[in-house]
2 protein chains.
Amino acid sequence: MPETRLDIARIRAARRLIHPVFLDTPLFRCEALDPDLGCAVSIKLETANPVRSFKGRGTEVIASLLAGQAAVCASAGNLGQALAWSGRGRGLDVTVVASRFAPAAKLDRIRALDATLELVDGDFDMARERAADIAARDGIRLVEDSLDIETCEGAGTIGLELADAAAPFGAVLIALGGGTPATGVGHVMKALAPGVEVICVQPLGAPAMTLSWRKRRVVTTDTTDTIADGVAGRRPIPAVLDDLLQVADDAVLVQEASILAGLRLLLERAGLVVEPSAALGIAAILEDRDRFADRHVVTIVCGSNVDIDTYRRWVGSPLP
Amino acid sequence: MPETRLDIARIRAARRLIHPVFLDTPLFRCEALDPDLGCAVSIKLETANPVRSFKGRGTEVIASLLAGQAAVCASAGNLGQALAWSGRGRGLDVTVVASRFAPAAKLDRIRALDATLELVDGDFDMARERAADIAARDGIRLVEDSLDIETCEGAGTIGLELADAAAPFGAVLIALGGGTPATGVGHVMKALAPGVEVICVQPLGAPAMTLSWRKRRVVTTDTTDTIADGVAGRRPIPAVLDDLLQVADDAVLVQEASILAGLRLLLERAGLVVEPSAALGIAAILEDRDRFADRHVVTIVCGSNVDIDTYRRWVGSPLP
């Protein structure tokens, strides 16, 4: 059993707090992708729910615990939307702090779900600081993605579903930003399916957690430069890195061109609109076909919240 | 209990023959669509599986019964792909007859799944004739969509899942072509959730079954003219019409412009790539907002197999 902050029994218990609309998501072989990638690809699809990302799994747990109270979170967009959704039905007063550069679609949905949205003139890590200030000022709960164990254990329920999968697979590709799904799914894999390689994938333009994992100490960066807005953090959280070191078999960095190619492949071969973070796994295969050749690989498609005009530009040119 | 050829006990039993990858598909509220449509919309998503349509539910039942034998079917593309998938794992030798004008993506997938593909220089109803000839010549089973009760009862398992839904809804919108999901889902709704209005939606450019339903006798057309290739039939089957008369509360015809608008809305608001048949429900709401105002409506997103370049043209211009 991996030595992290997470606990399998609590992850199993978390399932009972999570609305079924976020659970038991599709897991299916997508043979149309195989020829391009040189391996057998399965997709775990986390976008067919009311908030179009996996984040509801964690926010359902948190909102269950905080019902009737107030909370604030920083968000790249998906956590905020999910917390707003989970909070709305439970009388949880939600404030979300986000970058004003976040995709408008994500910000619009947060507002539509009746959360208070505060924008900062900076990036996600500046939003984190502001959210902490608000929590201190107002004396309300600060929800911190990947630091709060419920976010990781909520994401870990994806791992339970993967571990139960009928068809064996050799590796799971997980988008890496702050480390929520990587530590959550990674913990469950190591506990219940230790033969599955846990590979985290981060953009070369936002490499802080990967660099930290490699050096086994927190490495921060001054800036980020990636279209993968959902994973663009600069300041890894030490406790999350500690967990990641226990459960990740590898952390790889991919180029922007590969992320774009991944977006296009998922659209053209699988008919899936996804956000760049959700294409990281495909990008990793594209960059290292030999590693995955003839293996069965699961990639978690973690979100689909895109600004459609931007998305049209990303996928505008057909595949060669 | 509606008096059709279908049977609830057999539909429940069918679930046990169907690979789980086709069952318990996502059903979720999509609030981002509500403002455009003036009602509460939920999506039943049948595209997140290996064949990107609901047809696997029926072909799993058929292939279970025919394991080790040979079968031929006519198909607009999705049935053939699904029968090829279901047959491949069961030693069922599958021949699919399709129009050479069917989407290349559908034809390519049928070939990739090891089925024999024969093309006719005509439409779906010509493919039906050819498939019948092949079955007679070779003495093999002719699988006829919507006439073979397994196809309808397989589709009926969608209805079981809708009837079990936690949130009550007032109407279900079902694409209408030959009548497979309409009679299957319709039968289950009338049996288990009789308060739900069953509304079938067909393109104005391929109206044969709707005209037949209205006149209560088979009406054929000489041609079809619609982008919704999956429902473009000219010759309704009498036994299927009889069933449809028992379970459909309404059958409506929609214009091509509305289907295009539905495709765009599902892309831009819901992040879903769908084929035109799967946008018929949204098209119906767009054409009659008053009818659906403030109601909770489920639309079955039945397939997503598109030629991507054609799809790009359909959704190329942003919504106004």
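Taking an unreviewed UniProt entry as the reference, chain A is identified by name as Pyridoxal-phosphate dependent enzyme belonging to Trebonia kvetii.

**Student:** Can you walk me through unusual backbone geometry in this structure?
**Tutor:** Leaving glycine out, the prevailing phi sign among residues is negative, and the prevailing peptide bond configuration is trans. All names here are of chain A. Positive phi values are uncommon outside glycine, yet Arg 52 reaches one of about 55°. Along the polypeptide, Arg 52 turns up in the loop between strand 2 (40-45) and helix 3 (56-66). Even without a glycine there, the phi angle at Asp 114 is positive, about 75°. The class for Asp 114 is exposed, based on a relative accessible area of 59%.

**Student:** Which parts of the structure should I look at to understand the interface of chain A and chain B?
**Tutor:** Where interface size is given, it is often the accessible area lost as the parts come together that is meant. The interface of chain A with chain B comprises 28 residues on the first partner and 28 residues on the second. Together, the buried faces of chain A and chain B total about 2100 Å²; carbon and sulfur atoms form 52% of this surface. Among the salt bridges present, the one from Arg88(B) reaches Glu31(A), with a minimum N-O distance of 2.6 Å. Connecting chain A to chain B are 8 residue pairs in polar contact (both at pLDDT 80 or more). The biggest single contributor to the side of chain A that touches chain B is strand 1 (residues 27-29) of chain A, with 3 residues.

**Student:** Which parts of the structure should I look at to understand the nonpolar core?
**Tutor:** Across soluble globular proteins, nonpolar side chains have a tendency to be buried as a group. Counting 198 residues, the largest nonpolar core has Ile43(A), Val172(A), Ile43(B) and Val172(B) as the members making the most contacts within it. If you tally residues by element for this core, the top one is helix 11 (residues 256-270) of chain B, at 7 residues. In this structure Val172(A) touches Leu162(A), Met189(A), Val196(A), Glu197(A), Val198(A), Ile199(A), Val298(A) and Ile300(A), once residues within four positions along its chain are discounted.

**Student:** Whenever I open this one, the domain arrangement of chain A confuses me. Can you help?
**Tutor:** Residue and element names in this part refer to chain A. According to the domain assignment, chain A contains domain 1 (8-50 + 149-314) and domain 2 (56-143). One C-alpha centre belongs to domain 1, the other to domain 2; they are set 22 Å apart. Facing 30 residues of domain 1, the contacting portion of domain 2 comprises 24 residues. Across the domain 1 to domain 2 interface the summed buried area is about 2100 Å²; carbon plus sulfur atoms make up 53%. Residue Glu 150 pairs with Arg 141 through a salt bridge whose shortest N-O separation is 3.8 Å.

**Student:** Honestly, the pairing of strand 9 (residues 250-254) of chain B in this entry has me stumped. Any pointers?
**Tutor:** A regular strand carries its side chains on alternate faces of the sheet. Residues and elements named next belong to chain B. Within strand 9, 5 of the 5 residues are buried, which leaves the element mostly enclosed by the surrounding structure. Of the strand pairs in this sheet, strand 8 (residues 197-203) and strand 9 are connected by 5 bridges, and their pairing is parallel. In the sheet register, Pro 203 faces strand 9, and the bridge partner there is Val 254.

**Student:** Just to check I follow, could you spell out the packing of aromatic side chains for this structure?
**Tutor:** Geometrically, a pair of aromatic rings is defined through the distance of the ring centres and the angle of the planes. Residue and element names in this part refer to chain A. Within the structure shown, the criterion is met by 2 aromatic pairs over all chains. Their ring planes at 90° and their centres at 5.1 Å tell us that Phe 22 and Trp 85 sit as a pair that is edge-to-face. You can see Phe 22 sitting in the loop between helix 1 (8-14) and strand 1 and its partner Trp 85 sitting in helix 4 (residues 78-88), a full 63 residues away along the chain. Taken individually, Phe 22 and Trp 85 each receive the classification buried, so the pair is uniform in this respect.

**Student:** Would you take a moment to explain the environment of Leu107(A) for this structure?
**Tutor:** Tracing the sequence through the fold places Leu107(A) in helix 5 (residues 104-112). Distance in space between the C-alpha atoms of Leu107(A) and Leu65(A) is 25 Å, their sequence separation being 42 residues.

**Student:** Quick question: what am I supposed to make of the pattern of salt bridges here?
**Tutor:** Side-chain pairs of opposite charge can arise whenever the charged atoms involved come near each other. All names here are of chain A. Taken as a whole and judged by the stated rule, the model has 58 salt bridges over all chains. Asp 36 serves as the salt-bridge partner of Arg 269, at 2.6 Å between the closest nitrogen and oxygen. Placement of Arg 269 in the loop between helix 11 (256-268) and helix 12 (280-287) and of Asp 36 in helix 2 (residues 34-37) is noted, with a sequence separation of 233 residues between them. When its relative accessible area of 22% is taken as the criterion, Asp 36 is described as partly exposed. Notably, a salt bridge pairs Glu 161 with Lys 44, separated by 2.7 Å at the nearest N-O pair. Of this pair, Glu 161 sits in helix 7 (residues 149-163) while Lys 44 sits in strand 2, and the two are 117 residues apart along the sequence. In this pair, the class of Glu 161 matches that of Lys 44, namely buried. It is possible to trace a salt-bridge network through shared partners that takes in Arg 15, Asp 24, Lys 44, Glu 46, Arg 57 and Glu 161.

**Student:** Whenever I open this one, the sheet that holds strand 9 (residues 250-254) of chain A confuses me. Can you help?
**Tutor:** As a general point, the strands of a sheet are linked pairwise by backbone hydrogen bonds and lie either parallel or antiparallel. All names here are of chain A. Ordered in space as 1-2-10-7-8-9, the 6 strands form an open sheet in which the pairing is mixed. The sheet terminates laterally at strand 1 and strand 9, the two strands that pair on one side only. Here the average twist between neighbouring strands, direction ignored, is 25°. Note that strand 7 (residues 171-175) and strand 10 (residues 296-301) share 3 bridges and pair parallel. Each residue of the ladder has a partner; that of Ala 171, found in strand 10, is Val 297. The sheet contacts of helix 12 involve strand 2, strand 7, strand 8 (197-203), strand 9 and strand 10, and relative to strand 9 the element is tilted by about 85°.

Reading the values: the criteria
Residues numbered from 1 in each chain as written. Chains lettered and ligands numbered in written order. Predicted model: local features only at pLDDT ≥ 70, side-chain atom pairs only at ≥ 80, totals over all residues. Heavy atoms only, no water. Helix = DSSP H or I, 4+ residues; strand = E, 2+ residues; numbered from the N terminus. Buried < 20%, exposed > 50% of the residue type's maximum accessible area, 1.4 Å probe, protein only. Contact = heavy atoms within 4.5 Å. Buried area = accessible area lost by both parts, 1.4 Å probe. Salt bridge = Lys/Arg side-chain N within 4 Å of Asp/Glu carboxyl O. Polar contact = N/O pair within 3.5 Å; in protein donor to acceptor, adjacent residues only side chain to side chain. Core = buried A, V, L, I, M, F, W, Y, C linked by side-chain atoms within 4.5 Å. Domains from an automatic or database assignment. Pairing = 2+ DSSP bridges. Phe/Tyr/Trp six-rings, centres within 6.5 Å; stacked < 30°, edge-to-face > 60°. Axes fitted to C-alpha atoms, helices over the stretch in contact; angles between N-to-C directions.

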